[in-house]
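Observations on chain architecture
Spelled out from the first residue to the last, the chains are:
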Amino acid sequence: FMKENQAAFDVIITDSSDPVGPACVLFETPFYNAMHGSLREGGIVCTQGECVWLHVDLIRPLVKSIEPLFDTVEYAYCTIPSYPSGQIGFVIGMKGGGGKGCKVPLREPEEEVQKELKYYTPEIHQASFVLPAFAKRAIFGDERG
């Protein structure tokens, strides 16, 4: 599908199962290469990124393997009570974009829309990229603090 849709998408979101069995290919570099090719310049890929409390050993190799592909690679997380440890993470890669990344929202919901939202706020958006020190070091090494 992605080979037939080069430079076709602004955003690709992959909500896959865990990286075991048949789904392990969704956590490997060839899959990210295919997604990169399907993104337009400035496009974003967001994939299931496990949990820093349980799977940091899986997250770091994935992040390291895709850093050469994307101009920006980031890790974010949110709380989901039904998930192990109550968190799920997201590996986010941006093609182009001048290295800005996704940490700061480009726009905010209008006031009337924000009143209807149950979880999202611009502040929670930015906070989702703030990692505990152990996770930041384990995923990105010393280069990001």
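Within every chain, residues take consecutive numbers counted from 1 along the sequence as written. Reporting of local features is limited, given that this is a predicted model, to residues whose pLDDT is at least 70; pairs of side-chain atoms are given and counted only at 80 or more, and all residues count toward the totals for whole chains, interfaces and linings. Think of the side-chain values as coming from all heavy atoms in the structure, minus any hydrogens and water.

1. Let's talk about the overall build of the protein
What counts here: By the criteria applied, helices consist of DSSP H or I runs no shorter than four residues and strands consist of E runs no shorter than two, each listed in order from the N terminus. The atom set for the radius of gyration is the C-alpha atoms, and the globule formula is 2.2 Å times the number of residues raised to the power 0.38. Here's how the labels work: a residue is buried when its accessible area is under 20% of the maximum for its type, exposed when over 50%, partly exposed in between, all with a 1.4 Å probe on protein chains only. Throughout, a residue-residue contact means that at least one pair of heavy atoms, one from each residue, lies within 4.5 Å. Using the Shrake-Rupley algorithm and a 1.4 Å probe, accessible areas are obtained, with residue cover drawn only from the displayed protein chains. Charge assignment: positive for Lys and Arg, negative for Asp and Glu; neither His nor the chain ends contribute. In plain terms, the charge of a residue is placed at NZ if it is Lys, CZ if Arg, CG if Asp and CD if Glu.
From N to C terminus, the protein includes five helices and four strands. Beginning at the N terminus, the succession of helices and strands in the protein can be written as β-α-β-α-β-β-α-α-α. The C-alpha atoms of the protein give 15 Å as radius of gyration, which agrees with the globular expectation for 145 residues (15 Å, within 12%). When its C-alpha atoms are laid out on the principal axes, the protein stretches across 40 × 35 × 30 Å. Across the 145 residues that make up the protein, the buried fraction comes to 38%. Considering only contacts in the protein between residues 6 or more positions apart, those separated by 24 or more positions represent 64%. About 8,600 Å² of surface is accessible on the protein, with carbon and sulfur atoms providing 58% of the total. Counting 13 positive and 19 negative side-chain charges, the protein places the averaged centre of each group 4 Å from the other.

2. Looking at the sheet that holds strand β1 (residues 9-14)
Which entries qualify depends on this criterion: Pairing between strands is defined by DSSP: at least two bridges between them are needed. Lines fitted to the C-alpha atoms define the axes, with helices restricted to the stretch that makes contact. Angles between their N-to-C directions range from 0 to 180 degrees.
Read from one edge to the other, the open sheet built from four strands follows the order β1-β2-β4-β3, with strand pairing classed as mixed. Edge positions in the sheet fall to β1 and β3 (72-79), since each has one partner strand and no second. Neighbouring strand axes in the sheet, compared pairwise and without regard to direction, differ in orientation by 15° on average. Sheet contacts for helix α1 (residues 29-38): β1, β2 (39-48) and β4 (87-94); angle to β2, the most-contacted strand, approximately 145°.

3. Brief notes about the packing of aromatic side chains
Our working definition: Ring pairs are drawn from Phe, Tyr and Trp, using the six-membered ring of Trp, whenever the two centres fall within 6.5 Å, and their geometry is named by plane angle: stacked under 30 degrees, edge-to-face over 60, tilted for the rest.
Applying the stated criterion across every chain yields a total of three aromatic pairs. With 4.9 Å between their ring centres and 45° between their planes, Trp 53 and Phe 134 make a pair best called tilted. Taken together, the positions of Trp 53 in helix α2 (residues 52-66) and Phe 134 in helix α5 (residues 133-140) put the pair 81 residues apart, joining distant regions of the chain. Judged by relative accessible area, Trp 53 falls into the partly exposed class, the value being 48%. Of the residues examined, Phe 134 reaches a relative accessible area of 31% and is grouped as partly exposed.

4. Observations regarding α1
Listing the buried residues of α1 in full gives Phe 31, Tyr 32, Met 35, His 36, Gly 37 and Ser 38. Turning to α1, the residues buried within the fold contact β1, β2, α2 and β4.

5. Describing the side chain of Ser 38
Quick reminder of the rule: Any pair of nitrogen or oxygen atoms within 3.5 Å is treated as a polar contact; in protein, a donor-acceptor pairing is required on top of that, and neighbouring residues in sequence qualify only through side-chain atoms on both sides.
Following the sequence through the fold, Ser 38 ends up in helix α1. Looking at Ser 38, its side chain comes within polar contact range of the main-chain oxygen of Asn 5, at 3.1 Å. Aside from chain neighbours lying at most four places away, what touches Ser 38 is Met 2, Asn 5, Gln 6, Ala 7, Ala 8, Phe 9 and Ile 12.

6. Re the nonpolar core
Let me state the cut-off plainly: What makes a nonpolar core is a set of buried Ala, Val, Leu, Ile, Met, Phe, Trp, Tyr and Cys residues whose side-chain atoms join them at distances within 4.5 Å.
Among the nonpolar cores identified, the biggest contains 22 residues, and Tyr 75, Val 91 and Ile 139 are the most heavily contacted of them. If you list the elements that add at least two residues to this core, you get α1, β2, α2, β3 and α5. Of all the elements, α2 adds the most residues to this core, at five residues. What Ile 139 contacts, discounting residues up to four positions off in sequence, is Val 52, Val 56, Ile 59, Arg 60, Val 63, Lys 64, Tyr 75 and Leu 131.

7. Concerning the environment of Glu 41
As for its position among the elements, Glu 41 is in strand β2. Residue classification places Glu 41 among the exposed positions, given a relative accessible area of 62%. The spatial distance from the C-alpha of Glu 41 to the C-alpha of Gly 96 is 5.5 Å, given a sequence separation of 55 residues. With residues near it in sequence (within four places) discarded, Glu 41 still touches Lys 95, Gly 96 and Gly 97.

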